[in-house]
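Structural features, examined
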Amino acid sequence: MEESKTPIIIIGTGPEARAALDAANALDVMVYGFLTDDESAVSREINDILVIAKLGNKDSDTLLEDENIKLVIAARDIEHRHNLVNYLSLKKPEIINLIHPFNSISAYAKIGKGNLIYPGAIIHANAMIGSYNLLETGVTFDQDVQVADFCTFQSGARIGREVMIEKDVLVGMGAVIHPGLNIGEGAMIGPGAVVLTDVEAGSTVFGNPAKPTA
């Protein structure tokens, strides 16, 4: 993570937020607290760290005027992530990457901003990862993979070399995408799917070999 000694606020209170807290602890980064859009979560604790306030109220607005903190977005749902980025981009703190240290990332890979990467990721040389993506445990990107923004890769997904993935794509747990393919914007790859051909924008595929749903 770029600003490893800068206090952070995690946006979210679901499983992704707990994973973000684990990553921050592994990096020895101070977590100031959580902000949420779930009113019922306010004033609760997540592993001893307080959910401070609901986004949009006075307390959260005060925090989001502080340039000395950074923000981490922890949300699986792609549309929700879009909405959070649109809202938070107007605030003073920067949205940053949070990358668990127990990963293998090539020095020749390029990673944008606002990504949350769980442990066990393998990102090979010349892979290019955009911004505001979520990579869950054990995701693998082979050489020269290109990923746009706002994608979600669930645990164990394996992306072959020279695959191109457009924005807003969801790749399910354990799915495999074979080398050299193009995955269109907004596509969904089902859990365990084995993708052998290009996937059109907006389509959903399941199975081995993966085929579009009716």
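Above: the structure in question.
The structure reproduced in this document is the subject of the present report.

Points about the overall build of the chain
Counting its regular elements, the chain contains three helices and 25 strands. A globule of 214 residues ought to have a C-alpha radius of gyration of about 17 Å, and the chain, at 17 Å, matches this closely. With respect to the principal axes defined by its C-alpha atoms, the chain has extents near 50 × 40 × 30 Å. Within the chain, residue pairs in contact and separated by at least 24 positions form 26% of the contacts whose partners lie at least 6 positions apart. Counting only carbon and sulfur atoms, one obtains 49% of the accessible surface of the chain, whose full area is about 9,900 Å². Within the chain, one finds 16 positive and 28 negative side-chain charges whose respective centroids are separated by 0 Å.

With respect to the pattern of salt bridges
Note on pairing: side chains with opposite charge can pair once their charged atoms come close. Under the counting rule described, the total for this entry stands at six salt bridges. Measuring nitrogen to oxygen at the nearest pair gives 2.6 Å for the salt bridge that ties Glu136 to Arg76. Here Arg76 lies in the loop between strand E5 (70–73) and helix H3 (78–88) and Glu136 lies in the loop between strand E13 (134–135) and strand E14 (140–141), a separation of 60 residues in the sequence. The exposure class assigned to Arg76 is partly exposed, which follows from its relative accessible area of 37%. Bridged by salt links that share partners, the residues Glu16, Arg76 and Glu136 form one connected network.

Thoughts on the sheet that holds strand E22 (residues 188–189)
With mixed pairing, eight strands are arranged side by side in an open sheet as E7-E10-E13-E16-E19-E22-E24-E25. Only two strands of the sheet have a single partner each, and these edge strands are strand E7 (98–99) and strand E25 (211–212). Here strand E16 (residues 152–153) runs beside strand E19 (residues 170–171); their pairing, made up of two bridges, is parallel. Residue Thr152 lies in a different strand from E19, and its bridge partner there is Leu170.

Section: the pairing of strand E4 (residues 49–54)
As paired strands, strand E2 (residues 31–36) and E4 are joined by three bridges and run parallel to one another. Opposite Leu35, over in E4, you have Ala53 as the bridge partner. Relative to E4, strand E3 (residues 45–46) runs antiparallel, the two sharing two bridges. Bridge assignment links Glu45 to a residue of E4, and that residue is Leu50. Between E3 and E4, which pair antiparallel in sequence order, lie two residues; one of them, Asn47, sits at a positive phi of approximately 50 degrees.

Structural notes on the pairing of E2
Taken across its six residues, E2 has five buried, putting it largely inside the fold. Examined bridge by bridge, strand E1 (residues 8–11) and E2 share four bridges and lie parallel to one another. Within the sheet, the bridge partner assigned to Ile11 lies in E2 and is Leu35. Each parallel crossover has a hand, and for E1 linked through helix H1 (residues 15–26) to E2 it is right-handed.

Conventions we followed
Residues numbered from 1 in each chain as written. Predicted model: local features only at pLDDT ≥ 70, side-chain atom pairs only at ≥ 80, totals over all residues. Heavy atoms only, no water. Helix = DSSP H or I, 4+ residues; strand = E, 2+ residues; numbered from the N terminus. Rg over C-alpha atoms; globule rule 2.2 N^0.38 Å. Contact = heavy atoms within 4.5 Å. Areas by Shrake-Rupley, 256 points an atom, 1.4 Å probe, with all protein chains shown as cover. Lys, Arg positive; Asp, Glu negative; His and termini not counted. Charge placed at Lys NZ, Arg CZ, Asp CG, Glu CD. Salt bridge = Lys/Arg side-chain N within 4 Å of Asp/Glu carboxyl O. Buried < 20%, exposed > 50% of the residue type's maximum accessible area, 1.4 Å probe, protein only. Pairing = 2+ DSSP bridges. Right-handed = clockwise from strand over helix to strand, strands pointing away.

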